[in-house]
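Coordinate analysis (summary)
The chain contents come next:
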Amino acid sequence: MLVQLNDQRPIQTSEDVVGVRQTVRQRAVELGFNLVDQTKIVTAASELARNTLQYGGGGTVRLEEVRDGARRGLKLVFEDNGPGIANIELAMKDGYTTGNGLGLGLSGARRLSNEFHIDSEPGRGTRVTIIRWR
Ligand SMILES: Nc1ncnc2c1ncn2[C@@H]1O[C@H](COP(=O)(O)OP(=O)(O)O)[C@@H](O)[C@H]1O
Ligand SMILES: [Mg+2]
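Please read all numbers here as calculations on a predicted model, not as lab measurements. All residue numbers here refer to positions counted from 1 along the written sequence of the relevant chain. Lettering for chains starts from A, numbering for ligands starts from 1, and both go in the order in which the items are written. For this predicted model, a pLDDT threshold of at least 70 governs which residues receive local features, and a threshold of 80 or more governs which side-chain atom pairs are given and counted, while totals over whole chains, interfaces and linings are taken from all residues. Only hydrogens and water are removed before side-chain values are computed, so all heavy atoms of the structure are retained for them.

**Some remarks on the nonpolar core**
Judged by nonpolar contacts, the single largest core of 27 residues is most densely connected at Val 24, Leu 76 and Phe 78. Helical segments are the DSSP runs of H or I of at least four residues, strand segments are the runs of E of at least two, and each set is numbered from the N terminus. Within the residue set of this core, elements represented by two or more residues are helix H1 (14-30), helix H2 (35-54), strand E2 (59-68), strand E3 (71-80), helix H4 (105-112), strand E4 (115-121) and strand E5 (125-133). If one sorts the elements of this core by residue count, H2 sits on top with six residues. Setting aside residues up to four positions removed in sequence, Leu 76 forms contacts with Val 24, Ile 41, Ala 45, Val 61, Arg 62, Leu 63, Val 128, Thr 129 and Ile 130. Definition of nonpolar core: a set of buried residues of the types Ala, Val, Leu, Ile, Met, Phe, Trp, Tyr and Cys, connected through side-chain atoms within 4.5 Å. To sort residues, take the accessible area from a 1.4 Å probe on protein chains only and compare it with the maximum for the residue type: under 20% means buried, over 50% means exposed, and anything in between is partly exposed. The criterion used for residue contact is that any of the two residues' heavy atoms lie within 4.5 Å.

Shown next, in the form of structure tokens:
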């Protein structure tokens, strides 16, 4: 899998979350995603960016264009150095929240992505990687 370009941006404020949505939309358009696929990755990115801010205490997102043969995709890596997630399986369950959300962010982002990977170590932070292929 070849990485074409990458761009890292901070997620420290709710304005940054809005900016992430806009940038992801723009990249998806540039990559030729149709409207449905644009919306899927923007929605996933929005949920993950909000988690980075709300639970991770802020962090970053890295945007990468990836290729696998003729396939092109958009890869997003959300990282924070927050408290981490003690039980990932539980956190992934529909409806599970330790805040006052709907508990559908992580599970929704997984469903909206073609590839989903979460790494977390309590006390160290969280990294969530998603890819949506065109
Ligand atoms: N970056 C993160 N750092 C720490 N905990 C997180 C992070 N992202 C998600 N979580 C935990 O996983 C739970 C489920 O997240 P999510 O599915 O997005 O639901 P919600 O945001 O509605 O709580 C959160 O309530 C939180 O406990
Ligand atoms: Mg959430």
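On we go from here.
**Some words on the site of ligand 1**
Around ligand 1, a shell composed of 18 residues is seen, among which Asn 51, Tyr 55, Thr 97, Thr 98 and Gly 103 lie nearest. Pairs of N or O atoms within 3.5 Å make up the polar contacts considered here, provided that, within protein, one atom can donate a hydrogen while the other can accept it, and that residues adjacent in sequence are counted only when both atoms are side-chain atoms. Between ligand 1 and Leu 102 there is a distance of 3.2 Å, counted from an oxygen atom to a backbone nitrogen or oxygen. Contact between ligand 1 and Gly 103: an oxygen atom at 2.8 Å from a main-chain N or O atom of the residue. Definitions used for this entry: grid spacing 1 Å over protein atoms alone; cavity, a set of points where a 1.4 Å probe fits but cannot get out; pocket, an open set with protein on both sides within 12 Å along at least 5 of 7 lines; lining residue, one with an atom within 4 Å of a point. Whether a molecule lies in a cavity or pocket depends on its atoms, and more than half of them have to be within 2 Å of the grid points. For ligand 1, the cavity whose grid points lie within 2 Å of the majority of its atoms is the largest pocket. Charged residues are taken to be Asp, Glu, Lys and Arg, nonpolar residues to be Ala, Val, Leu, Ile, Met, Phe, Trp, Tyr, Cys and Pro, and polar residues to be all remaining types, Gly included. Across the shell around ligand 1, the residue classes break down as seven nonpolar, 10 polar and one charged. Distances are taken per atom, and a residue is near a molecule or strand as soon as one of its heavy atoms is within 4 Å of it.

**Quick look at the packing of H1 against H2**
Look at H1 against H2: their axes get within 9 Å of each other, and the N-to-C directions meet at 155°. Between H1 and H2, the angle falls in the class roughly antiparallel. Crossing of H1 over H2 shows right-handed handedness. Only Leu 35, Gln 38, Thr 39, Ile 41, Val 42, Ala 45, Ser 46, Ala 49, Arg 50 and Leu 53 of H2 make contact with H1, whose side of the interface consists of Ser 14, Val 17, Val 20, Arg 21, Val 24, Arg 25, Ala 28 and Val 29. A fitted line through C-alpha atoms represents every axis, and for helices the fit uses only the stretch in contact; the resulting angles, taken between N-to-C directions, go from 0 to 180 degrees. The scheme is simple: roughly parallel for angles under 35 degrees, roughly antiparallel for over 145, roughly perpendicular for 65 to 115, oblique for anything else. In this scheme the handedness of a crossing depends on how the near helix is turned from the far one: anticlockwise by less than a right angle means left-handed, clockwise means right-handed.

**A short note on the pattern of salt bridges**
In the sections that follow, a salt bridge refers to a side-chain nitrogen of Lys or Arg positioned within 4 Å of a carboxyl oxygen of Asp or Glu. Summed over all chains, the structure comprises 14 salt bridges. Residues Glu 64 and Arg 62 are paired through a salt bridge, measuring 2.8 Å at the closest nitrogen-oxygen approach. By relative accessible area, which is 7% here, Glu 64 ends up buried. Where Asp 94 meets Arg 111, a salt bridge forms, and the shortest distance between an N and an O atom there is 3.3 Å. On the criterion of sequence distance, the pair formed by Asp 94 in the loop between helix H3 (88-91) and H4 and Arg 111 in helix H4 is long-range, its members being 17 residues apart.

**Some points on the pairing of E5**
E5 sits mainly inside the fold: eight of its nine residues count as buried. As paired strands, E3 and E5 are joined by eight bridges and run antiparallel to one another. Its bridge partner being in E5, Glu 79 is matched across the sheet by Arg 127. For two strands to count as paired, DSSP must find a minimum of two bridges between them. Note: E4 against E5, seven bridges, orientation antiparallel. Looking at the pairing, Glu 115 lines up with Ile 131 of E5. The loop that links E4 with its antiparallel partner E5 comprises three residues; one of these, Gly 123, has a positive phi angle of about 85°.

**Focus: H2**
The span expected for a helix works out to 1.5 Å for each residue beyond the first. Along its 20 residues, H2 runs 28 Å from first to last C-alpha, staying within 8% of the 28 Å computed at 1.5 Å per residue. For H2, the set of buried residues is Asp 37, Gln 38, Ile 41, Val 42, Ala 44, Ala 45, Ser 46, Leu 48, Ala 49 and Thr 52. Sitting at the head of H2, Asn 34 places a side-chain oxygen 3.1 Å from the backbone nitrogen of Val 36.

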